[in-house]
Amino acid sequence: MAESIAAMEQAYTAALRAGDAGAARAVVARARAAGVALAEIYLRIFTPSMVTIGRLWERNELTIAEEHLATAITEGLIGELSPSFAQAPAGGGTALIGCVEGERHVLGARMLADLFRDQGWRVLYLGADVPTADWVKLAVRYQADLAAISAGMRLHLPAARALVAQLRASLPGLAILVGGGAFDGSPGLWRDLGADLYHADPGAAVALAGVHARR
């Protein structure tokens, strides 16, 4: 019987817990050989595995170093897979994706960038800890259609609020998507910050952005 994607996710999680980059890469290779789409690898293997790693860390079943190692392994594999995502056609919507000022956890934003590219967006990926003024300058320079802002910790919410306000003032037509741990489990918080879109699931977030763009 062919290996299910659920079994692949379990094997990938086990590889991360063991800090075994080779085993993790082998899981991805099996998934690709089985015809699993790149986006599905991100959404059904990487994402749930990293959620599990985060929960284990919260329960003190993994050290900070072990959590960082699991993240680094996944980031390395994303770097290998990323060039295989389809390039956006000319004339598609432009999305700026990155972390709010002070936020250094980039994994979620990094995956989101490729998922947007997979849906035909032109993506400008900004990475970690982007100063608010620079976010705004780039959004205006490229006349972006969407800004996807990641904030993993609640201490970064004031910076996220300021960024949303400044983006809104400088580019009124811009759609603003927020995400990350700072918003998960707090219904309505994204609306309080003035954002247009939020979903805890990255695939659903990309789909919502697509619907919003077609209005």
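Worth saying up front: this structure is predicted, and the values here are computed from it rather than measured.

Draft legend 1. Local environment of the nonpolar core. Within the largest apolar cluster, 47 residues are counted, with the highest numbers of intra-cluster contacts made by Y12, Y42, F46, I97, F116, L146 and L177. With 9 residues, the single largest contributor to this core is helix α3 (residues 38-58). Filtering out sequence-adjacent residues up to four positions away, L177 remains in contact with L112, F116, L146, A147, A148, I149, L197, Y198 and A205. With 27 residues, the next largest nonpolar core counts L124, L157, V164 and W190 among its residues.

Draft legend 2. The packing of aromatic side chains, seen in detail. Using the criterion set out here, one finds 5 aromatic pairs in the structure. Between Y42 and F46, the ring centres sit 5.6 Å apart and the planes meet at 35 degrees, which makes this aromatic pair tilted. Of this pair, Y42 and F46 both sit in helix α3, 4 residues apart, which is roughly one turn of that helix. Just as Y42 is buried, F46 falls in that class too. Look at F183 and Y198: their rings are 6.3 Å apart centre to centre, the planes differ by 45 degrees, and that puts the pair in the tilted class. Taken as a pair, F183 in the loop between β4 (175-179) and α8 (189-192) and Y198 in strand β5 (residues 197-198) lie far apart in primary sequence, 15 residues in all. Pairwise contacts between aromatic rings join Y12, Y42, F46 and F85 into one cluster.

Draft legend 3. Representation of helix α7 (residues 157-170) within the structure. The first and last C-alpha atoms of α7 sit 20 Å apart over 14 residues, in line with the 20 Å expected at 1.5 Å per residue. Taken as a whole, α7 has its buried residues at L157, A160, L163, V164 and L167. End-on view of α7: buried residues confined to an arc of 115 degrees, all on one side of the axis. Exposed residues pointing more than 90 degrees away from the buried face of α7 are listed as P158 and A169.

Draft legend 4. Geometry of the packing of helix α1 (residues 5-18) against α3. At a minimum axis separation of 9 Å, α1 and α3 run at an interaxial angle of 45 degrees. Relative to α3, α1 is oriented oblique. With respect to the hand of their crossing, α1 and α3 are arranged in right-handed fashion. Residues I5, M8, E9, Y12, T13, L16 and R17 of α1 form the contact with α3, whose own contacting residues are E40, R44, I45, F46, P48, S49, M50, T52, I53 and L56.

Draft legend 5. How the structure looks around the environment of R154. Mapped onto the elements, R154 comes out in the loop between β3 (146-150) and α7. Note on R154: relative accessible area 47%, which makes it partly exposed. Sequence-wise, R154 and R30 are 124 residues apart; in three dimensions their C-alpha atoms are separated by 38 Å. Other than its neighbours up to four places away in sequence, R154 contacts A182, S186 and L189.

Draft legend 6. Local environment of the sheet that holds β5. Taken together, the 5 strands give an open sheet; going across it, the order is β2-β1-β3-β4-β5, and neighbouring strands pair in parallel fashion. With one partner strand each, in any of the chains shown, β2 (122-127) and β5 form the two edges of the open sheet. One ladder, built from 5 bridges, connects β3 with β4; its direction is parallel. When the bridges of β4 are listed, I149 appears paired with V178. Those strands touched by helix α5 (residues 107-118) are β1 (94-99), β2, β3 and β4, and its axis lies near 170 degrees from that of β2.

Reading the values: the criteria
- Residues numbered from 1 in each chain as written.
- Predicted model: local features only at pLDDT ≥ 70, side-chain atom pairs only at ≥ 80, totals over all residues.
- Heavy atoms only, no water.
- Core = buried A, V, L, I, M, F, W, Y, C linked by side-chain atoms within 4.5 Å.
- Buried < 20%, exposed > 50% of the residue type's maximum accessible area, 1.4 Å probe, protein only.
- Helix = DSSP H or I, 4+ residues; strand = E, 2+ residues; numbered from the N terminus.
- Contact = heavy atoms within 4.5 Å.
- Phe/Tyr/Trp six-rings, centres within 6.5 Å; stacked < 30°, edge-to-face > 60°.
- Expected span 1.5 Å × (residues − 1).
- Arc of directions from axis to C-beta.
- Axes fitted to C-alpha atoms, helices over the stretch in contact; angles between N-to-C directions.
- Parallel < 35°, antiparallel > 145°, perpendicular 65-115°, else oblique.
- Left-handed = near helix turned anticlockwise from the far one by under 90°.
- Pairing = 2+ DSSP bridges.

Read these as layout, nothing more, since geometry by itself doesn't imply function.
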